[in-house]
Amino acid sequence: MKLEEAKQLAEKAVSRAASAGASYAEARVQETRGREFLLKNGEPQPSYFAESFGIGLRVLCKGALGFTATNRFDRASVNEMSLKAVKLARASASILKKPIVFDSSKAVKRKWAAEEKEKVENGNAAWLRGVLEEIESRIADGRAGVAIPGRILGLGVDLEERYYVNSDGARVQSRLPRVSFFGSLTASEGGEMAQRSIQEGESGGLEVVKRVGLVERVEEEAKVLGKVIRTTAKPPTDTIDVILSSELSGIAAHESVGHPQEADRVLGREGAQAGESYLKRDSLGMRVGSKEANISDDPTLLHSNGFTPVDDEGVEAKKRMLIKDGVINEYLHNRYTAAEFGLSSNGASRSVAFDREPIIRMSNTFVEPGNYSFEELVKEVKHGIFFKSFTEWNIDDKRLNQRYVALEAYLIVAGEMKGLVKAPVLEITTPRLWSSVKARSRNMDFEAATCGKGDPQQGAPVWTGGPETLLAGIKLGAR
């Protein structure tokens, strides 16, 4: 099936749904091709190859939504899909307390592609294996200074090509290549163990591997495990200052700001699926942090893992300022939740496959940079800890109570970095965390992650990140 033929069928699906009674219809042709290679302790595992191609259709009829999909590209199947979507919506209408209405967002007509120097289609199994074997050669057999008996290394390339059409006039065609890496290293020495999970990912072609310095980064992470295992110093457990690295700033921003500010969570739509929110419909304007707490989500960052300049409702995406000067400023919206709040969508609707409905998602969530250098932040601390990386985190269903356990952490005394300390624990509520922000560095860095949400599950590529962030007056625990 050629793309032009698939586009015509998508147009046909929308017009057929409209003639069957839908007040709104949208169709998304999506082809996803992915390849991944895995090394386990140096041994190649079965190579992964996946391909999906189909049309998803969502309609609004009598105030209710219906979603269907098909991977059969013939007129009869597409016609059947359209009628089924309208039938599903009609059947749901009677049980809704309030009709669903979409906002009047401007329909976008655009063709876009992520920047790509060396096409991901060239990333065959031999190329993927070659990169992983180079990493393996630097960390196996104690070459990183510590024995790492557990090594799982995975490298993948994928390509999403889409055509989106809706009955409001939107027409969007896109090409989104990505490269992604996942590694799990378990080091062991003298009866002690340490484990590190590493994830890297960007939109772009095969040049991503060199751009992120993948081989060197994994080698460095392996070396750190040896230092962590040999650390015996206990962290202070009195009230101290804490500097969070970009990695810690980012995971805290994603989990305790991004998720609770998804408007579908706020409205309770995700209550039985991904979870709820400690925030309510009327929480906009509520103070939850200091004036130094500024957190955003931006799908337009070039090379980012969550790069989505136009969302899956045909809306031009833009940067969202979620917390501004410590105050809840904005939620993430699709066209339905935006209408519920009397706003316009900020383009946060995403779907990961043709047979998954679009739902509200983060893209690249981060703490905004400040004016300090890292050295200046350290000098501000008389007694504290620098959380450089984490080995464990968790957060409750409403995104209020959370816990982060550091892997690599350093004692700070009188404005100077000292030695490693073992596994300090930051356990804190969301308002307490962001109210403690005293200063931020101007250094920005990002980590790749896969954000889970929805039922069926939709794992969406994202970035988390930010600068080093200084928290004042924190009571730490230890493991």
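Residues numbered from 1 in each chain as written. Predicted model: local features only at pLDDT ≥ 70, side-chain atom pairs only at ≥ 80, totals over all residues. Heavy atoms only, no water.

Novice: Residues and numbers for the nonpolar core, please.
Specialist: Of all hydrophobic cores here, the largest spans 43 residues; its most connected members are F387, L426 and W434. Considering each element in turn, this core owes the most residues, five residues, to helix α6 (residues 246–258). With near-sequence residues (within four places) excluded, F387 lies in contact with V242, I243, L244, S245, L248, Y404, A406, E408, P424, V425, L426 and L476. If you look at the next biggest cluster of nonpolar residues, it comprises 33 residues, including L39, L128, L206 and V215. (Core = buried A, V, L, I, M, F, W, Y, C linked by side-chain atoms within 4.5 Å. Buried < 20%, exposed > 50% of the residue type's maximum accessible area, 1.4 Å probe, protein only. Helix = DSSP H or I, 4+ residues; strand = E, 2+ residues; numbered from the N terminus. Contact = heavy atoms within 4.5 Å.)

Novice: Residues and numbers for the pairing of strand β23 (residues 445–453), please.
Specialist: The sheet contact formed by β23 and strand β24 (residues 458–466) spans nine bridges and is antiparallel. What sits directly across from T450, in β24, is P461. (Pairing = 2+ DSSP bridges.)

Novice: Explain the environment of S188 residue by residue, including any values.
Specialist: Relative to the helices and strands, S188 resides in strand β7 (residues 171–189). Sequence-wise, S188 and D355 are 167 residues apart; in three dimensions their C-alpha atoms are separated by 43 Å. Dropping the residues within four chain positions of it, S188 is found in contact with V146, A147, P149, M193 and I229.

Novice: Explain unusual backbone geometry residue by residue, including any values.
Specialist: Of note, the amide linkage connecting D455 to P456 takes the cis form, showing an omega dihedral of 5 degrees. In the Ramachandran plot, K62 falls in the positive-phi region, its phi being about 55 degrees despite a non-glycine side chain. Among the structural elements, K62 can be located in the loop between β3 (48–61) and β4 (64–70). For K62, a relative accessible area of 61% gives the class exposed.

Novice: Outline the packing of aromatic side chains, listing residues and values.
Specialist: All told, the structure shown has seven aromatic pairs when counted by the stated rule. On the basis of an interplanar angle of 65 degrees and a centroid distance of 5.0 Å, the ring pair of Y24 and F102 is categorised as edge-to-face. Of this pair, Y24 sits in strand β1 (residues 24–40) while F102 sits in the loop between α2 (75–93) and β5 (109–113), and the two are 78 residues apart along the sequence. Within the aromatic cluster, the residues linked to one another by ring pairs are F366, F446 and W463. Residue placement shows R281 over the ring face of F341; its charged tip is 5.5 Å from the ring centre. (Phe/Tyr/Trp six-rings, centres within 6.5 Å; stacked < 30°, edge-to-face > 60°. Lys NZ or Arg CZ within 6 Å of the ring centre and 35° of its normal.)

Novice: So what about the pattern of salt bridges? Which residues, and what values?
Specialist: Evaluated as defined, the whole model comprises 46 salt bridges. One continuous salt-bridge network, built from bridges that share partners, spans E31, R33, E116, E121, E161 and R175. (Salt bridge = Lys/Arg side-chain N within 4 Å of Asp/Glu carboxyl O.)

Novice: Kindly report on the packing of helix α1 (residues 3–19) against α2, identifying the contributing residues and their values.
Specialist: The angle between the axes and the distance between the axes are what describe a pair of packed helices. For the pair α1 and α2, the least separation of the axes is 9 Å and the interaxial angle reads 40 degrees. Taken together, the axes of α1 and α2 lie oblique to each other. Taken as a pair, α1 and α2 cross one another with a handedness that is right-handed. Note on element contacts: α2 touches α1 through R75, V78, N79, M81, S82, L83 and V86, opposite L9, K12, A13, R16 and A17. Of the residues contributing to the contact of α1 with α2, the split by class is seven nonpolar, two polar and three charged. (Axes fitted to C-alpha atoms, helices over the stretch in contact; angles between N-to-C directions. Parallel < 35°, antiparallel > 145°, perpendicular 65-115°, else oblique. Left-handed = near helix turned anticlockwise from the far one by under 90°. Nonpolar A, V, L, I, M, F, W, Y, C, P; charged D, E, K, R; others polar.)

Novice: Can you lay out the sheet that holds β23 for me, pointing to particular residues and giving the numbers?
Specialist: Spatially, the six strands line up as an open sheet ordered β12-β11-β10-β15-β24-β23, and their pairing is mixed. The open sheet terminates on both sides in strands that have one partner only, identified here as β12 (327–328) and β23. Of the pairings in the sheet, the one linking strand β10 (residues 295–297) to strand β11 (residues 320–324) comprises three bridges and is antiparallel in character. Looking at β11, one finds that I295 is bridged to I323. Of the strands in this sheet, β10, β11, β15 (364–367), β23 and β24 are in contact with α6, which crosses β24 at around 130 degrees.

Novice: Any details on the sheet that holds strand β9 (residues 239–244)? Residues and values, ideally.
Specialist: Strand order in the open sheet made by the six strands is β20-β19-β16-β9-β25-β22, with mixed pairing throughout. Taken across any chain shown, the strands that pair with only one partner, and hence form the sheet edges, are β20 (416–421) and β22 (437–440). For this sheet, the mean inter-axis angle between neighbouring strands, taken without regard to orientation, is 30 degrees. Two strands pair when backbone bridges link them, and β9 and strand β25 (residues 469–475) are joined in this way by five bridges, in the antiparallel orientation. Paired with L244 across the bridge in β25 is T469.

Novice: Could you give an account of the side chain of N166, naming the residues involved and the relevant values?
Specialist: Relative to the assigned elements, N166 resides in strand β6 (residues 150–166). Side-chain polar atoms of N166 contact the backbone nitrogen of D168, separated by 2.8 Å. Among the polar contacts listed, one links the side chain of N166 to the backbone nitrogen of G169, at a separation of 3.1 Å. Every residue in contact with N166, bar those within four places of it in the chain, is listed here: V14, Y24, A25, E26, R171, E313 and R335. (Polar contact = N/O pair within 3.5 Å; in protein donor to acceptor, adjacent residues only side chain to side chain.)

Novice: Got a sec to walk through helix α5 (residues 214–229)? Specific residues and values, please.
Specialist: In this model, α5 (16 residues) spans 23 Å end to end at C-alpha, consistent with the 22 Å of a helix rising 1.5 Å per residue. Taken residue by residue, α5 has L214, V215, R217, V218, E219, E221, A222, V224, L225, G226, V228 and I229 as its buried positions. (Expected span 1.5 Å × (residues − 1).)

Novice: Please give an account of the side chain of E262 that cites residues and values.
Specialist: On the secondary structure map, E262 appears in the loop between α6 and α7 (263–266). Excluding residues within four positions of it along the chain, E262 makes contact with L332, I360, R361, M362 and K453.

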